[in-house]
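Structure at a glance
What follows is the residue order along each chain.
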Amino acid sequence: MNRMVKSRLPLLMRKALLLFLVLSLPLFSTYVSAQVRSPGELFPPDKIFLLEEPRDWQDTEEIMDRLHLGAGDIVADIGAGSGFFTIPFSSRVGEKGLVFAEEIQIEMINYISRKVEVQELKNIRVIFGKPEDPSLLDNFFNLVFLANTYHELEKPFLMLENIKKDMRHSGRLAIIDWDPAKQSPFGPPIEAKVPESTIIKEVERSGFELIEKHNFMPYHYFLVFKRKS
């Protein structure tokens, strides 16, 4: 009798282990895919002139109005590109505010730096960040802003954790990105676009909660989050 119990025990343990692996595999796969995914390609610096073209499909003034951006605010523009949003932000926050323009491509850094120097904008700081860390100041920003950038993140959870550290407790995180549910004549390929629902899940899982959704842009979604209490 004892020999039968001993002989069956390893078999039962193997079956239990197999059942555990089968049940946990979907959760593990989802976790891994959320942690590391194939990002969209970075915008090529040799085409930076395209980022300077007028955008009737992305109105900076309406975006700033909906964000209630005002004098004295401190903003981080993550993936600032040519500074398309950085410069209007600088004007809106005024002398008492600050805008940090973050980029990970040196060509973009140099381009924005030249614009800041030529226009003598004293309230802009240009920051050379890392793919998973914008390398900003802890507990400093009223608003962290990512436009047309989230789909390029290779490790969104790690980036979001670092962004959360940079935000004041009452700060907000705004994400504008290409909506695969909306057909567009330009922009990244559809397989590189991240669905709105995916971004909401990833950001909420990182300790934020969705507080606003705006749907006035023809090719993008516009989401605003705050840190969970």
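Predicted, not measured: the structure shown is a model, and the values here were computed from it. (Residues numbered from 1 in each chain as written. Predicted model: local features only at pLDDT ≥ 70, side-chain atom pairs only at ≥ 80, totals over all residues. Heavy atoms only, no water.)

**Remarks on the pattern of salt bridges**
As a reminder, the rule being used: Here a salt bridge means any side-chain nitrogen of Lys or Arg lying within 4 Å of a carboxyl oxygen belonging to Asp or Glu. In this text, helices come from DSSP runs of H or I with a minimum length of four residues, and strands from runs of E with a minimum of two, each type numbered from the N-terminal end. Relative accessibility under 20% of the residue-type maximum defines a buried residue, over 50% an exposed one, and the middle range a partly exposed one, all with a 1.4 Å probe and only protein chains included.
Under the counting rule described, the total for this entry stands at five salt bridges. Between Arg66 and Glu62 there is a salt bridge, with the nearest N and O atoms lying 2.8 Å from each other. Taken together, the positions of Arg66 and Glu62, both in helix H2 (residues 60-66) and four residues apart, correspond to about one turn of that helix. Here Glu62 falls in the partly exposed class, since its relative accessible area comes to 27%. If you follow the salt bridges from partner to partner, you end up with Glu61, Asp65 and Arg92 in one network.

**Comments concerning the nonpolar core**
Going by this rule: Nonpolar core, defined: a set of buried Ala, Val, Leu, Ile, Met, Phe, Trp, Tyr and Cys residues in which side-chain atoms within 4.5 Å join the residues together. A contact between two residues is defined here by any heavy atoms of the two lying within 4.5 Å.
Grouped together as the largest cluster of nonpolar side chains are 26 residues, with contacts concentrated most on Val144, Leu173, Ile199, Val203 and Phe225. In this view, Ile199 contacts Tyr150, Ile175, Val194, Tyr221 and Leu223; residues no more than four positions away in its chain are not counted. The next biggest cluster of nonpolar side chains, apart from the first, holds 25 residues, and it includes Leu69, Phe85, Ile112 and Leu143.

**Some remarks on the side chain of Asp73**
This is how the line gets drawn: Neither His nor the chain ends contribute to the count of charged residues, in which Lys and Arg are positive and Asp and Glu negative.
In this structure, Asp73 sits in the loop between H2 and strand E1 (74-78). Here Asp73 occupies a buried position and makes no salt bridge, while the nearest side chain of opposite charge, Arg172, is found at 5.2 Å.

**Notes on the confidence of the model for the protein**
For residues with low pLDDT, the predicted coordinates do not support detailed interpretation. So the rule is basically this: Every residue is assigned a pLDDT by the predictor, reflecting its confidence on a scale from 0 to 100.
For the protein, the average pLDDT comes to 86, and 83% of its residues sit at 70 or higher. Counted against residues more than four places away or in other chains, residues 1-7, with its pLDDT under 50, gives zero contacts. Low pLDDT (under 50) marks residues 16-36, which in the prediction has 11 contacts with non-local residues, meaning those over four places away or in another chain.

**Some remarks on helix H3 (residues 86-93)**
Most of H3 is tucked away: six of the eight residues are buried. All buried positions along H3 are accounted for by Thr86, Ile87, Pro88, Phe89, Ser90 and Val93. On its buried face, H3 is in contact with H2, E1, strand E2 (98-103), helix H4 (106-119), strand E3 (124-128) and strand E4 (141-147).

**Things to note about the sheet that holds strand E5 (residues 167-178)**
The strands that make up a sheet are held in pairs by hydrogen bonds between backbone atoms, and each pair lies either parallel or antiparallel. Using the following cut-off: Strand pairing is assigned whenever DSSP identifies at least 2 bridges connecting the two strands. Here the axes come from fitting lines to C-alpha atoms, over the contacting stretch only for helices, and the angles between their N-to-C directions go from 0 to 180 degrees.
Spatial ordering of the open sheet is given by E3-E2-E1-E4-E5-E7-E6, a layout of seven strands whose pairing is mixed. Every interior strand has two partners, whereas the edge strands, E3 and strand E6 (208-214), have only one. Strand-to-strand twist across the sheet, computed as the mean angle between neighbouring axes with direction ignored, equals 20 degrees. Two strands pair when backbone bridges link them, and E6 and strand E7 (residues 220-227) are joined in this way by six bridges, in the antiparallel orientation. When the sheet's bridge partners are listed, Glu212 is paired in E7 with Val224.

**Points about the packing of aromatic side chains**
As a reminder of what qualifies: Paired rings are identified among Phe, Tyr and Trp, the last through its six-membered ring, by centres lying within 6.5 Å, and are further divided according to the angle between planes into stacked (under 30 degrees), edge-to-face (over 60) and tilted (the rest). Any Lys NZ or Arg CZ that is within 6 Å of a ring centre and within 35 degrees of that ring's normal is treated as a charge sitting over the ring.
Applying the stated criterion across every chain, the model contains 13 aromatic pairs. Seen from their ring centres, Phe89 and Phe145 are 4.9 Å apart, and the 85 degrees between their planes marks the pair as edge-to-face. Within this pair, whereas Phe89 is found in helix H3, its partner Phe145 is found in strand E4, the two being separated by 56 residues in sequence. Grouping residues by exposure puts Phe89 and Phe145 together as buried. Between Phe100 and Phe141, the aromatic rings sit 5.1 Å apart at their centres with planes inclined by 90 degrees, giving edge-to-face as the arrangement. Placement of Phe100 in strand E2 and of Phe141 in strand E4 is noted, with a sequence separation of 41 residues between them. Phe141 matches Phe100 in its accessibility class, with the two residues each being buried. Among the aromatic side chains, those forming a connected cluster through ring pairs are Trp57, Trp178, Phe186 and Tyr219. When the ring centre of Phe84 is taken as reference, the NZ or CZ atom of Arg55 above it lies at 3.7 Å.

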